[in-house]
Amino acid sequence: MNSLRKGEYFGETNQMINLEGLTITDTEYTHPYVDWHYHENAYFTFLLQGNMTEGNRKETYDCSAGTLLYHHWEDPHYNIKPDIFTRGFHIEITQDWLDRFDIQKNKAEGSFSIKNPALKLLVYQLFKETKMNNNSLEANVNQLLLHLFGELTCEKENKERKPVWVGQINEILHESITEKLTLSGISKTLNIHPVHLSRDFHKYFHCNLGEYLRKIKVSQSMKLLTTPSSLTDIALECGFADQSHFTRCFKENIGITPLKYRNLLRNH
């Protein structure tokens, strides 16, 4: 079985950034099939464009733009890519980095897909930072990555204690981003008292209902920014009132406007 060293991926790496304990790459995948292999370090894969399938010993993931995967160190997997342009952003993490920030490997074991839109937006911010020629790149990357691990740890600790309605409401919000959702309407659908839902929503989602829904919409918009669609069309497709509302919410979550982000994506 192939073992890939630090910074090695099957494709054409267009950018590689080496920080203390971290290797960040922006790679175009060029192989239609990659046989079973593993990487010597733990890493995140974030699909920026295109599609691929990834399988490990437990699961198979159909990955499209916006998919975020975590891979434990030396965890075997394989990849299948259709004949379209596919691009991945990787954050590879050494044991030294984990030790320096006192992060235990057992807090993020195995390989898994991360669905939380707030965590995906953190990785979009990481991608943005690598394209901005900022003198504080390493500090910003470390801060965002520590935030990401902190949220993953909380999710793992709370996973078994989450009530059934948490998964149900998450599914409703992801499938209804263009609809006008209200707390009372969702409460009625789930047969939960609105006071109870309002009180406990922040406990499990770490923000209020409106903020979480905006994060879902912004995360969805990031996928569409890789297409030729106009900003107005993207705004409406993702459930924003108009382009101005879209731009404001996007900048609040990512730190730059959708147009500037699209230009960063195209120019690198």
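Note: the structure precedes this text.
These numbers come from a predicted model, not from an experiment.

The rules behind each value
- Residues numbered from 1 in each chain as written.
- Predicted model: local features only at pLDDT ≥ 70, side-chain atom pairs only at ≥ 80, totals over all residues.
- Heavy atoms only, no water.
- Helix = DSSP H or I, 4+ residues; strand = E, 2+ residues; numbered from the N terminus.
- Rg over C-alpha atoms; globule rule 2.2 N^0.38 Å.
- Buried < 20%, exposed > 50% of the residue type's maximum accessible area, 1.4 Å probe, protein only.
- Contact = heavy atoms within 4.5 Å.
- Areas by Shrake-Rupley, 256 points an atom, 1.4 Å probe, with all protein chains shown as cover.
- Lys, Arg positive; Asp, Glu negative; His and termini not counted.
- Charge placed at Lys NZ, Arg CZ, Asp CG, Glu CD.
- Core = buried A, V, L, I, M, F, W, Y, C linked by side-chain atoms within 4.5 Å.
- Pairing = 2+ DSSP bridges.
- Axes fitted to C-alpha atoms, helices over the stretch in contact; angles between N-to-C directions.
- 1 Å grid on protein atoms, 1.4 Å probe; cavity = no way out; pocket = protein on both sides within 12 Å on 5 of 7 lines; lining within 4 Å.
- Points joined across faces, edges and corners; volume = space filled by probe spheres on them.
- Nonpolar A, V, L, I, M, F, W, Y, C, P; charged D, E, K, R; others polar.
- Parallel < 35°, antiparallel > 145°, perpendicular 65-115°, else oblique.

Participant: Quick question: what am I supposed to make of the overall build of the chain here?
Facilitator: Broken down by element type, the chain carries ten helices and eleven strands. What you see for the chain is a C-alpha radius of gyration of 19 Å, in line with the 18 Å of a compact globule of 268 residues. Taken along its principal axes, the extent of the C-alpha atoms in the chain is 55 × 40 × 40 Å. Taking all 268 residues of the chain together, 48% fall into the buried category. Across the chain, every contact between residues at least 6 apart in sequence was considered, and the portion connecting residues at least 24 apart equals 70%. By element, 47% of the accessible surface of the chain is carried by carbon and sulfur atoms, the whole surface being about 13,400 Å². Once the 30 positive and 33 negative side-chain charges of the chain are each reduced to a mean point, those two points are 6 Å apart.

Participant: Help me understand the nonpolar core in this model?
Facilitator: Here is a general trend for soluble globular proteins: nonpolar side chains tend to be buried in one another's company. Counting residues in each nonpolar core, the largest one holds 48 residues, and the members touching the most others are F44, F89, I91, I93, L145, F149 and Y261. Within the second largest apolar cluster, 17 residues are counted, among which are V166, F201, Y212 and I216.

Participant: Quick question: what am I supposed to make of the sheet that holds strand β6 (residues 51–56) here?
Facilitator: One open sheet accounts for five strands, arranged β1-β4-β9-β6-β7; its pairing is mixed. With partners counted over all chains shown, the strands left at the sheet margins are β1 (2–4) and β7 (60–64), one partner each. Averaged over all neighbouring strand pairs, the angle between strand axes comes to 35°, with direction disregarded. With three bridges connecting them, strand β4 (residues 33–39) and strand β9 (residues 77–80) associate as antiparallel partners. By the bridge assignment for β9, V34 is matched with N79.

Participant: I would appreciate a short explanation of empty space enclosed by the protein in the present structure.
Facilitator: Rolling a probe over the atoms, with the probe sized like a water molecule, indicates the empty space that remains. By the definition in use, this model includes two cavities of 30 Å³ or more. Taken as a whole, the largest cavity encloses approximately 190 Å³ of empty space. Contributing to the lining of the largest cavity are 17 residues, with F10, Y29, H37, M52 and N79 lying nearest its centre. Elements with a contribution of two residues or more to the lining of the largest cavity: β4, β5 (42–49), β6 and β9. A per-class count over the lining of the largest cavity returns eight nonpolar, seven polar and two charged.

Participant: Looking at this structure, I do not really get the packing of helix α5 (residues 183–190) against helix α6 (residues 194–205). What am I missing?
Facilitator: A pair of packed helices is characterised by two quantities: the angle between their axes and the separation of those axes. One way to put it is that α5 packs onto α6 with a least axis distance of 9 Å and a crossing angle of 105°. Here α5 lies roughly perpendicular to α6, going by the angle between them. Contacts between α5 and α6 involve L183, I186 and S187 from the former and P194, L197 and S198 from the latter. Grouping the amino acids of the contact of α5 with α6 by side-chain chemistry returns four nonpolar, two polar and no charged.

Participant: Is there a simple way to think about the layout of surface pockets in this case?
Facilitator: Approximately 360 Å³ is the volume found for the second largest pocket. Around the second largest pocket, the lining is made up of 20 residues, and of these G66, K120, H174, Q220 and K223 lie nearest the centre. Where the lining of the second largest pocket is concerned, the elements lending two or more residues are β7, β11 (112–114), α2 (117–130) and α7 (209–224). Here the element with the most residues in the lining of the second largest pocket is α7; it accounts for five residues. Its residues assigned to classes, the lining of the second largest pocket shows eight nonpolar, seven polar and five charged.

Participant: What is the right way to read the sheet that holds β11 from this model?
Facilitator: Hydrogen bonds between backbone atoms are what pair the strands of a sheet, whose relative direction is either parallel or antiparallel. Strand order in the open sheet made by the six strands is β2-β3-β10-β5-β8-β11, with antiparallel pairing throughout. In the strand order of this sheet, the two ends are held by β2 (11–19) and β11, each with one partner. Pairwise comparison of adjacent strand axes, ignoring direction, gives a mean angle of 20° for this sheet. With four bridges joining them, β5 and strand β8 (residues 68–71) adopt antiparallel strand pairing. Bridge pairing in β8 places T45 opposite L69.

Functional significance is not addressed by these values, which are geometric in nature.
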